[in-house]
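Structural overview
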Amino acid sequence: MIHTKRSFGKWPEASCDSKNENRRLEGFYEEQPIVKEVSVGNMVNVAIRKFPDAANIVLHLETDIPGDVVVHWGVCRDDAKTWEISAVPYPPETTVFRNKALRTLLQPTGNGSRALFTLDEKLDGFLFVLKLDANSWVNFQGNDFYIPLSSARSVKGQSDSESEETSGKAHTDGIINEIRNLVSGLNSEKSLQTKVKEAKESILNEIEKLAAEAYSIFRSSTPSYPEEDSDADDAEPTINISSGTGSGFEILCQGFNWESNKSGRWYMELKEKASEISSLGFTVIWLPPPTESVSPEGYLPKDLYNLNSRYGTIDELKDLVKSLHGVGLKVLGDVVLNHRCAHYQNQNGVWNIFGGRLNWDDRAVVGDDPHFQGRGNKSSGDNFHAAPNIDHSQDFVRKDLIEWLCWLREEIGYDGWRLDFVRGFWGGYVKDYLDASEPYFAVGEYWDSLSYTYGEMDHNQDAHRQRIVDWINATNGTAGAFDVTTKGILHSALERREYWRLSDQKGKPPGVVGWWPSRAVTFIENHDTGSTQGHWRFPGGKEMQGYAYILTHPGTPAVFYDHIVSHHRSEIGALISLRNRNKIHCRSIVEIVKAERDVYAATIDDRVAMKIGPGYYEPPSGPQRWSLALEGYDYKVWEASS
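Here is what the cut-offs are and how they apply
- Residues numbered from 1 in each chain as written.
- Predicted model: local features only at pLDDT ≥ 70, side-chain atom pairs only at ≥ 80, totals over all residues.
- Heavy atoms only, no water.
- UniProt positions renumbered as here; feature names shortened; annotations may be inferred.
- Helix = DSSP H or I, 4+ residues; strand = E, 2+ residues; numbered from the N terminus.
- Buried < 20%, exposed > 50% of the residue type's maximum accessible area, 1.4 Å probe, protein only.
- Contact = heavy atoms within 4.5 Å.
- Areas by Shrake-Rupley, 256 points an atom, 1.4 Å probe, with all protein chains shown as cover.
- Salt bridge = Lys/Arg side-chain N within 4 Å of Asp/Glu carboxyl O.
- Axes fitted to C-alpha atoms, helices over the stretch in contact; angles between N-to-C directions.
- Parallel < 35°, antiparallel > 145°, perpendicular 65-115°, else oblique.
- Left-handed = near helix turned anticlockwise from the far one by under 90°.
- Pairing = 2+ DSSP bridges.
- Nonpolar A, V, L, I, M, F, W, Y, C, P; charged D, E, K, R; others polar.
- Core = buried A, V, L, I, M, F, W, Y, C linked by side-chain atoms within 4.5 Å.
- Phe/Tyr/Trp six-rings, centres within 6.5 Å; stacked < 30°, edge-to-face > 60°.
- Lys NZ or Arg CZ within 6 Å of the ring centre and 35° of its normal.
- pLDDT = per-residue confidence, 0-100.

For the chain, the name recorded in an unreviewed UniProt entry is Alpha-amylase, with Gossypium raimondii as its organism. For the record of the chain, the UniProt heading Cofactor (unreviewed entry) holds the text "Ca(2+)". Entered under Catalytic activity (unreviewed entry) in the UniProt record, the comment concerning the chain runs "Endohydrolysis of (1->4)-alpha-D-glucosidic linkages in polysaccharides containing three or more (1->4)-alpha-linked D-glucose units."

Structure representation (structure tokens):
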């Protein structure tokens, strides 16, 4: 941290002589000594990073200045540093300012505030100043802060071609481009007096020296992503188990549907199927929310430490987890951290006072939720309007949630988490929770609408998958996310015979799996989209085409419970067996060989070839010999012969 001094002099008092009210003082000058020095230490930290195959740069701005901080920002295309308004998407709480700049209210954190910006890689720089209140602006020695975007480092969530350069460093995070002390009192509307000016110039010289020193310190201590090298074609894949992201060979089963709570003994029913689920080749199972809840499905939690739910008792849950572990399955708990239902009303009759072991008051509720009169800070995400949204910027909230997650790990035996409605709070808080609870695997539900024009789905869904990648990035890569982009594109491709949609403009898979496959959890259906809810049901009769895609491609595939207890069970089991047999993993290499109106075909790791759609495709004969391994309605899968 850079420490500076703000100096305040004594200014001449205004005259009360009415005769002199309109008299102009020309050439008046008086030196006054500095009578007070206040030590101030504030920081602004900017990091930029580039993702492979993405046309965007992600810029992260953070400051520890207390209170509401608004950043006025723009972009420039050359050394002239002329401000322009950036193209969408923008961070939350962003508005256009006089058609010349954008202004964004930074999202509060425990130690200040921050925001993520998505910028076109063709831009030259990012310009900004900070506004603290109506009269206080922060810039750098009278100039705008300027961040050159050309120095963005590539952050690899995968190695998806042999030509990608890999590094021997254990971590590669974005660099910090500018670290400067923020001095809010330097630009006064009144004329600077000689001694004050000289003192401030001396301070600024000291700031520059400290900034250079701080730059190297922050650069060496910035958190980073692990490099993930691709495997040689003839080598066994290396298993590197990272907290939150598993080994890369996970296959996930969602172990419930929307109706599972109705029997009152789901834990015991699922226990009876543990061996069967394991024998199909699954490695991880996701269980429903365990807490007492206003809704029977568990997604409106109340007392977080009360684990007697509509699915069964806490003892039955422990017994189930023990049985699942006994057949080699890792177990994910479904945790709802965004919102919580209250036990009591406040003096205005609003339900925002909590009971149980975590007996929070209304300081735990965000202050900008109009329904629940919270006294917390503004939300760092989107509000969920059915229940009080929790303010994760509060130290006591984060402390209590960390203790709860660690208790669940120890008491119940969960190996990781499925995180509900993560759009509601900043991904940096998720990083805190995962760092503390150290899950084997974690996946967030970042649900967002795809892009449409006049009712037609756009071919380019980069903005949609970028928002999901931004959230993963905010967690510092400690969690994956459900690949909603891939599900949506599969819908249109299969339903409308538009299989060309399954290749993006660069010939890569068009979902999150095409940009950051090690963090993409692919799926075609879950308890919300299918089951008896049917909010976004996969095209009927085409489910196995969807599974032929996700179970042969990189990413971590997730299979819905209803499909493994249906007539699809044997086909899904055969695809899982093929995936395991050929050691396909979350970072496997895809080569798309056909993406046309009625057929999509690809090879994966040169070991598996596949096609979906009614159109024709056969892998070419040559040095690589192929044998048909699986065939179903509008899909085929081949294996390379040795």
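Some thoughts on the overall build of the chain
On a plain count of helices and strands, the chain comes out with 11 helices and 31 strands. Within the chain, the fraction of its 642 residues that count as buried is 55%. Within the chain, residue pairs in contact and separated by at least 24 positions form 68% of the contacts whose partners lie at least 6 positions apart. About 28,000 Å² of surface is accessible on the chain, with carbon and sulfur atoms providing 47% of the total.

A closer look at the pattern of salt bridges
In a structure, side chains of opposite charge can pair up when their charged atoms sit close to one another. One pass over the structure, following the stated rule, counts 28 salt bridges. Among the charged side chains, a salt-bridge network with shared partners connects Asp334, Arg418, Asp420 and Glu445.

Structural notes on the packing of helix H8 (residues 484-495) against helix H9 (residues 543-550)
Where H8 meets H9, the axes come as close as 11 Å, and the angle between the chain directions of the two elements is 130°. Considering the angle they form, H8 stands oblique to H9. Judged by the twist between their axes, the crossing of H8 over H9 is right-handed. Contacts between H8 and H9 involve Thr486, Leu490 and Leu494 from the first element and Gln545, Gly546, Tyr549 and Ile550 from the second.

Thoughts on helix H6 (residues 427-437)
Given 3.6 residues to a turn, an α-helix orients residues that are three or four positions apart in the same direction. Among the residues of H6, Gly427, Gly428, Tyr429, Val430, Tyr433, Leu434 and Ser437 are the ones counted as buried. Close packing links the buried residues of H6 with strand S8 (107-109), helix H5 (395-411), strand S20 (416-419), strand S21 (441-444) and helix H7 (462-474). Glu438 lies just past H6 and shows a positive phi near 50°.

Remarks on the pairing of strand S5 (residues 70-76)
The side chains of a regular strand alternate, residue by residue, between the two faces of the sheet. Counted residue by residue, S5 has 6 buried out of 7 residues, so it is predominantly covered. In the sheet, S5 pairs with strand S7 (residues 101-105) via 4 bridges, with the strands oriented antiparallel. Bridging from a neighbouring strand, Trp73 pairs with Leu102 of S7. In this structure, S5 lies alongside strand S10 (residues 125-131), joined through 7 bridges in antiparallel fashion. Bridging from a neighbouring strand, Val71 pairs with Leu130 of S10.

Quick look at the environment of Pro296
Considering the arrangement of structural elements, one finds Pro296 in the loop between strand S16 (284-286) and helix H4 (314-326). Take Pro296: its relative accessible area is 25%, and that puts it in the partly exposed class. Sequence separation of Pro296 and Gly264 is 32 residues, and the distance between their C-alpha atoms is 9.8 Å. Beyond its immediate stretch of four places on either side in the chain, Pro296 contacts Asn261, Arg310 and Tyr311.

Re the sheet that holds S16
Overall, parallel pairing links the 8 strands, which are arranged S15-S16-S17-S20-S21-S24-S25-S26 in a closed barrel. With direction set aside, neighbouring strand axes in the sheet form an average angle of 30°. As judged from the 2 bridges shared by strand S24 (residues 480-482) and strand S25 (residues 520-522), these two strands associate in the parallel manner. Bridged to Ala481 within S25 is Ala520.

Re the sheet that holds strand S30 (residues 626-632)
Taking strand neighbours across the sheet as the criterion, the 5 strands line up as S27-S28-S29-S31-S30 in an open arrangement whose pairing is antiparallel. This sheet does not close on itself; its edge strands, each paired only once, are strand S27 (590-595) and S30. Averaged over all pairs of adjacent strands, the angle between their axes in this sheet comes to 15°, without regard to strand direction.

Re the packing of H5 against H6
Remark: H5 packs on H6, axes separated minimally by 9 Å, with the N-to-C direction vectors making an angle of 40°. Here H5 is positioned oblique relative to H6, judged by the angle of their axes. Between H5 and H6 lies a crossing of right-handed hand. Along the contact surface, H5 presents Arg398, Leu401, Ile402, Leu405, Cys406 and Arg409, while H6 presents Tyr429, Asp432, Tyr433, Ala436 and Ser437. Here the contact of H5 with H6 is built from residues that sort into 7 nonpolar, 1 polar and 3 charged.

A short note on the pairing of strand S31 (residues 635-640)
For strand S29 (residues 608-612) and S31, the ladder comprises 5 bridges, and the chain directions are antiparallel. Bridge pairing in S31 places Val608 opposite Glu639. Pairing analysis gives 6 bridges linking S30 to S31, with the strands arranged antiparallel. Among the inter-strand pairings, Trp626 is bridged to a residue of S31, identified as Ala640. Turn length for the S30-S31 hairpin, with the two strands adjacent in sequence and antiparallel, is 2 residues, and the turn residue Asp634 shows positive phi of about 60°.

Regarding the nonpolar core
Ranked by internal contacts, the top residues of the largest apolar core, which has 117 residues, are Phe282, Leu287, Tyr547, Tyr600 and Ile612. Apart from the residues within four sequence positions on either side, Tyr600 is in contact with Tyr499, Leu502, Tyr549, His553, Val590, Ile592, Lys594, Ala595, Met610, Lys611 and Ile612. Residues Val44, Leu59, Val69 and Leu130 belong to the second largest nonpolar core, which totals 24 residues.

Regarding the packing of aromatic side chains
Here the structure, examined in full by the defined rule, presents 21 aromatic pairs. Arranged with centres 6.1 Å apart and planes meeting at 80°, the rings of Trp73 and Tyr90 form a pair that is edge-to-face. Highlighted residues: Trp73 in strand S5 and Tyr90 in the loop between S5 and strand S6 (94-97), separated in sequence by 17 residues. Assessed through its relative accessible area of 29%, Tyr90 is described here as partly exposed. Among the aromatic side chains, those forming a connected cluster through ring pairs are Trp73, Tyr90, Phe117, Phe126, Phe128 and Phe145. Across the ring face of Trp536, the terminal group of Lys487 is positioned such that the distance to the ring centre comes to 5.0 Å.

Comments concerning the environment of Leu578
Locating Leu578 in the fold gives a position in helix H11 (residues 569-581). According to the relative accessible area criterion, Leu578 is buried, its value standing at 0%. As for Leu578 and Glu639, which are separated by 61 residues in sequence, their C-alpha atoms are 8.4 Å apart. Setting aside anything within four residues of it in sequence, one finds Leu578 in contact with Val608, Ala629, Leu630, Val637 and Glu639.

Some points on the confidence of the model for the chain
Summing up the model confidence of the chain, the mean pLDDT is 82 and the portion of residues at 70 or higher is 78%. Overall, residues 1-32 carries pLDDT values under 50, and its contacts beyond four positions in sequence, including any with other chains, amount to 61 contacts. Low pLDDT (under 50) marks residues 155-240, which in the prediction has 182 contacts with non-local residues, meaning those over four places away or in another chain.

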